[in-house]
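These are the residues of each chain, in order.
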Amino acid sequence: MQALGINVLFEGSNFLRLLGGLWVTVRISLLSVALSLPLGVAFGLFMMVPHPLAKAISRLYLDFIRIMPQLVLLFLVYFGVTRAFGLNLSAWASAVLVFTLWGTAEMGDLVRGALISIPKHQYESAEALGMSPLQTFWYVILPQTLRHLLPPAINLTTRIIKTTSLVVLIGIVEVLKVGQQVIDANRFAYPTAALWVYGTVFLLYFLVCWPISLAAKRLERNWKGA
């Protein structure tokens, strides 16, 4: 096994360091998702406002976030905005900010799509039953919206987790950076360490994202059969 380089994972605390790097990735992802979900719901409701100014603002924000690569946004916030305005924003905070902005835009569009998918006669039926607009939203629209929204929202969570690998480029020591450090420190003793280290990083990402993807598919399957 030593010739293949797999022993590098068990040298010293290398494997524990990889797990520690994974925890950094998960923390950034979870905080970004926790902020993105409520902000995305609010943004999705804002996108439904019929006023032309609201539509222009929401479209501009959504297009900007979608067109701009996440890596460019990271560099723009961490190297550009913070220095241009003299802000003391750490790499960790910059990463959370960028992924929250991205997640909010994507979540908002999901909310908008879910609301649009509700047939118009649902509103009309609720009105005919004498329900107020608030009661209509809470008892009729919201439950149906959640059915459409939850699976893609869970998939968005996995996308954020995977995309956080970009934070290594602004100096955050997450699981990918730790893997690079392990490979560099053992490049002479274990020339093929990259295969095993990056393979382990892939497996760690898979173990985090796979259960989330399964949950999304199961919810979608159960709700379609309901």
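Cut-offs and rules
Residues numbered from 1 in each chain as written. Predicted model: local features only at pLDDT ≥ 70, side-chain atom pairs only at ≥ 80, totals over all residues. Heavy atoms only, no water. Salt bridge = Lys/Arg side-chain N within 4 Å of Asp/Glu carboxyl O. Helix = DSSP H or I, 4+ residues; strand = E, 2+ residues; numbered from the N terminus. Buried < 20%, exposed > 50% of the residue type's maximum accessible area, 1.4 Å probe, protein only. Expected span 1.5 Å × (residues − 1). Arc of directions from axis to C-beta. Contact = heavy atoms within 4.5 Å. Phe/Tyr/Trp six-rings, centres within 6.5 Å; stacked < 30°, edge-to-face > 60°. Patch = residues over 30% accessible without salt bridge, like charges linked within 9 Å, V, L, I, M, F, W, Y side chains within 5 Å. Areas by Shrake-Rupley, 256 points an atom, 1.4 Å probe, with all protein chains shown as cover. Axes fitted to C-alpha atoms, helices over the stretch in contact; angles between N-to-C directions. Parallel < 35°, antiparallel > 145°, perpendicular 65-115°, else oblique. Left-handed = near helix turned anticlockwise from the far one by under 90°. Nonpolar A, V, L, I, M, F, W, Y, C, P; charged D, E, K, R; others polar.

Caption draft 1: Up close: the pattern of salt bridges. Taken as a whole and judged by the stated rule, the model has 4 salt bridges. The salt bridge partner of Arg66 is Glu106, with a shortest N-O separation of 3.5 Å. Of this pair, Arg66 sits in helix H2 (residues 52–67) while Glu106 sits in helix H4 (residues 91–116), and the two are 40 residues apart along the sequence. Residue Arg66 is classed as partly exposed on the basis of its relative accessible area, which comes to 42%. A salt bridge links Arg66 to Asp109; its shortest N-O distance comes to 2.6 Å. With Arg66 in helix H2 and Asp109 in helix H4, this residue pair connects regions lying 43 residues apart in the sequence. Owing to a relative accessible area of 14%, Asp109 belongs among the buried residues under this scheme.

Caption draft 2: Expanded view of H2. Across its 16 residues, H2 extends 22 Å between first and last C-alpha, which sits within 8% of the 22 Å expected from 1.5 Å per residue. Residues of H2 that are buried include every one of Ala54, Ser58, Leu62 and Ile65, and no others. Considered in projection along H2, the buried side chains sweep an arc of 70° and stay on one side of the axis. Turned more than 90 degrees from where H2 packs its buried face, Pro52, Leu53, Leu60 and Ile67 sit exposed. Considering only its buried residues, H2 is in contact with helix H1 (14–47), helix H3 (70–84) and H4.

Caption draft 3: Geometry of the packing of aromatic side chains. Counted according to the given criterion, the structure contains 6 aromatic pairs. Taking 5.4 Å as the distance between ring centres and 15° as the angle between the ring planes, the aromatic pair formed by Phe206 and Trp210 counts as stacked. Of the two residues, Phe206 and Trp210 both sit in helix H8 (residues 193–225), 4 residues apart, roughly one turn of that helix. Residue classification places Phe206 among the partly exposed residues on the basis of a relative accessible area of 36%. Among the aromatic side chains, those forming a connected cluster through ring pairs are Phe75, Tyr78 and Phe79.

Caption draft 4: Main features of a nonpolar patch on the surface. On the surface, a cluster of nonpolar side chains totalling about 620 Å² of accessible area is made up of Phe202, Leu203, Phe206, Leu207, Trp210 and Leu214. Within the secondary structure layout, Phe202 lies in helix H8. Take Phe202: its relative accessible area is 57%, and that puts it in the exposed class.

Caption draft 5: Broad picture of the packing of H2 against H4. At a minimum axis separation of 9 Å, H2 and H4 run at an interaxial angle of 120°. It follows that H2 is oblique to H4 by the angle criterion. Two packed elements cross with a definite hand, and for H2 against H4 that hand is left-handed. Every residue of H4 that contacts H2 at Tyr61, Leu62, Ile65 and Arg66 is listed here: Leu101, Trp102, Thr104, Ala105, Glu106 and Asp109. By residue class, the composition of the contact of H2 with H4 is 6 nonpolar, 1 polar and 3 charged.

Caption draft 6: Here's a closer look at the packing of H1 against H4. H4 packs onto H1 with a crossing angle of 40° between their chain directions and a minimal axis gap of 6 Å. By the angle between their axes, H1 is oblique relative to H4. Considering the relative orientation of H1 and H4, their crossing is right-handed. Split by residue class, the contact of H1 with H4 holds 18 nonpolar, 8 polar and 3 charged.

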